[in-house]
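Given next are the chains, with one letter for each unit.
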Amino acid sequence: MILYIAVTAVTVFLAGMVNNRPTTQPYKITRQQMCNRVCLTAIFLILFALSACRLNVGNDYAKYVEFMHLVNCDAYVPTEIGFNLLVKLLYGLSGFENYLLVFAVYAFVTIRFFLRAMYEQSDDFPLTFFLFMALGYYFQTFSTVRYYLALAMALYSMKFVLRGQWGRFVLLALLGAAFHKSLLAIVPLYFLASLPWKKWQLAVAALFCTTFLFCQDFYLKLVVFLYPTYEDTEYLEGGTSYINIVRCLAVLAFAGLIYCRNRRAGKAQGESAEDDRRFWFFFYLNLGALALYVFCSFLPIISRIGYYLTVSHILYLPMLLKRVENERWRRLFRLGILLAALCYFAVYMSRAGDEGTLILPYKTFFFNDMVNILSDVN
């Protein structure tokens with residue numbers, strides 16, 4: 001745990017020196033731009049090294065090693081074609097079952113997508129990066145590596161939605177779906193969030209949400225169709241996240257406060273039409289996530305779909321803070337966000353060794369050997 005806290009502290013400190021909206025000069029690299037490059041490179045290398053050097057750290061590390069072994073043996077595995085081809089390629093180039101290299105490649109690409117998305121899209125990179133670390137997004141990449149690669153790509157794809165570059169957005173979603181097919185869900189969800197909803201349309205959407213309460217069997221059959229391996233397993237057991245419900249409510253309340261203040265002042269929700277679109281896009285993502293967590297708790301994949309929506313918190317909160325014109329209130333809101341994130345981080349770390357997370361104790365291949373996988377036992 002001390003290692004994780006130290007890594008978080010060091011990388012957050014480095015992020016604090018990054019200004020992702022630097023003043024530029026033609027044909028010249030400014031001091032701030034050079035500082036950004038050095039700090040971002042250092043952050044990437046620290047996070048990549050910690051992830052790439054781990055061994056049997058993460059809830060499903062051993063399961064992934066088993067999957068990779070089965071892929072190499074041309075046996076059936078319930079993983080997507082992108083994962084299978086990557087394993088085949090890296091194992092072929094290595095000449096042996098080099099699962100460490102596969103995990104390293106996943107860490108490289110996942111962290112790269114996350115950092116680039118935060119740097120390009122955030123209104124306040126230091127705060128966004130702090131939330132990224134404190135809310136556990138980075139440490140969760142140690143588990144379900146396929147899904148968190150998809151989540152990083154989803155966060156990065158938001159800029160294409162806001163720019164109306166739908167071709168690039170769909171292509172990126174299809175590419176990511178080759179590694180985790182749940183990413184396809186962002187195509188309709190992000191499109192819906194980008195629409196200028198009217199009140200009567202929201203009422204119709206709320207009415208539609210009630211169908212999840214009365215047609216659960218139909219939606220469960222649809223899930224089994226998409227995930228055949230879930231049939232007759234414990235994975236079909238649903239459940240919701242009360243913490244994420246509270247988070248969505250808090251973010252929506254904060255956004256509502258900003259909306260009311262700006263409306264009284266006769267302003268849009270941003271400094272430009274683009275900012276206004278971003279405000280409502282993130283708002284509807286969080287509203288949609290709240291609806292999913294409340295009405296679709298019986299679905300086994302609800303947490304995965306919900307995370308594609310709530311990951312926007314790390315971009316939305318800095319944006320909302322920027323819209324608070326009163327300096328005193330902005331500092332108070334910022335302090336509240338920091339304290340809430342720190343409390344979340346403390347709770348997350350206290351459970352880091354529990355079943356379902358298992359990122360503690362940290363082990364590295366420099367000093368430890370891999371445990372036997374199922375194929376070795378049999």
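Only a predicted model underlies this, so the values are computations on that prediction, with no experimental measurement involved.

Calculation notes
Residues numbered from 1 in each chain as written. Predicted model: local features only at pLDDT ≥ 70, side-chain atom pairs only at ≥ 80, totals over all residues. Heavy atoms only, no water. Phe/Tyr/Trp six-rings, centres within 6.5 Å; stacked < 30°, edge-to-face > 60°. Lys NZ or Arg CZ within 6 Å of the ring centre and 35° of its normal. Core = buried A, V, L, I, M, F, W, Y, C linked by side-chain atoms within 4.5 Å. Buried < 20%, exposed > 50% of the residue type's maximum accessible area, 1.4 Å probe, protein only. Helix = DSSP H or I, 4+ residues; strand = E, 2+ residues; numbered from the N terminus. Contact = heavy atoms within 4.5 Å. Salt bridge = Lys/Arg side-chain N within 4 Å of Asp/Glu carboxyl O. Expected span 1.5 Å × (residues − 1). Bend = angle between axes of the 7 residues up to and from the residue. pLDDT = per-residue confidence, 0-100.

S.K.: Account for the packing of aromatic side chains, naming residues and giving values.
M.R.: Per the stated rule, a full pass over the model turns up 45 aromatic pairs. Centre to centre, the rings of Tyr138 and Phe139 are 5.1 Å apart; their planes meet at 65°, and the pair counts as edge-to-face. Positioned above the aromatic ring of Tyr344 is the side chain of Arg247, whose terminal nitrogen or guanidinium carbon lies 5.7 Å from the ring centre. A cation over a ring is seen here: Arg328 above Trp329, with NZ or CZ 5.9 Å from the ring centre.

S.K.: Residues and numbers for the nonpolar core, please.
M.R.: Among soluble globular proteins, nonpolar side chains are generally buried collectively. By size, the foremost hydrophobic cluster in this structure holds 122 residues, and its most contacted members are Phe129, Phe132, Phe139, Tyr190 and Tyr308. If one sorts the elements of this core by residue count, helix 8 (residues 145-163) sits on top with 15 residues. If we skip the residues at most four places from it in the chain, Phe132 touches Leu47, Phe114, Met118, Tyr137, Tyr138 and Ile314.

S.K.: Please give an account of the pattern of salt bridges that cites residues and values.
M.R.: Using the criterion set out here, one finds 12 salt bridges in the structure. Glu120 is the salt-bridge partner of Arg116, the closest N and O atoms lying 2.8 Å from each other. Separated by 4 residues within a single helix, Arg116 and Glu120 lie in helix 5 (residues 99-121), roughly one turn from each other. Given a relative accessible area of 39%, Arg116 falls into the partly exposed group. Its relative accessible area of 29% is what places Glu120 among the partly exposed residues. The partner of Arg330 in a salt bridge is Glu327, and the shortest N-O contact between them spans 2.4 Å. In this pair, Arg330 and Glu327 both sit in helix 18 (residues 327-350), 3 residues apart, roughly one turn of the helix. By relative accessible area, which is 24% here, Arg330 ends up partly exposed. With relative accessibility at 40%, the residue Glu327 sits in the partly exposed group. Through salt bridges with shared partners, one network takes in Asp123, Asp275, Arg278, Lys322 and Arg323.

S.K.: I'd like a description of unusual backbone geometry, backed by residues and values.
M.R.: With an omega of -5°, the peptide bond between Leu360 and Pro361 qualifies as cis. A positive phi is found at Asp74, a non-glycine position, where the angle reads about 60°. Tracing the sequence through the fold places Asp74 in the loop between helix 3 (61-72) and helix 4 (81-94). On the accessibility criterion, Asp74 (62% relative accessible area) is exposed. With a phi angle near 50°, Leu358 is a residue other than glycine that sits in the positive phi range. Inspection of the secondary structure assignment puts Leu358 in the loop between helix 18 and helix 19 (374-377).

S.K.: Can you tell me about helix 8, naming the residues and giving the values?
M.R.: Relative to the 27 Å expected for 19 residues at 1.5 Å per residue, helix 8 spans 29 Å between its end C-alpha atoms, a close match to the ideal helical length. The principal kink in helix 8, of about 30°, is found at Tyr156. Along helix 8, 18 of the 19 residues are buried, which leaves the element largely enclosed by surrounding structure. At the C-terminal side of helix 8, Gly164 shows a positive phi close to 75°.

S.K.: A description of the confidence of the model for the protein should follow, citing residues and the corresponding values.
M.R.: Chain-level statistics for the protein give a pLDDT mean of 89 and a share of 93% at 70 or above. Element-level mean pLDDT values for the protein span from 65 in helix 19 up to 97 in helix 6 (residues 125-134).

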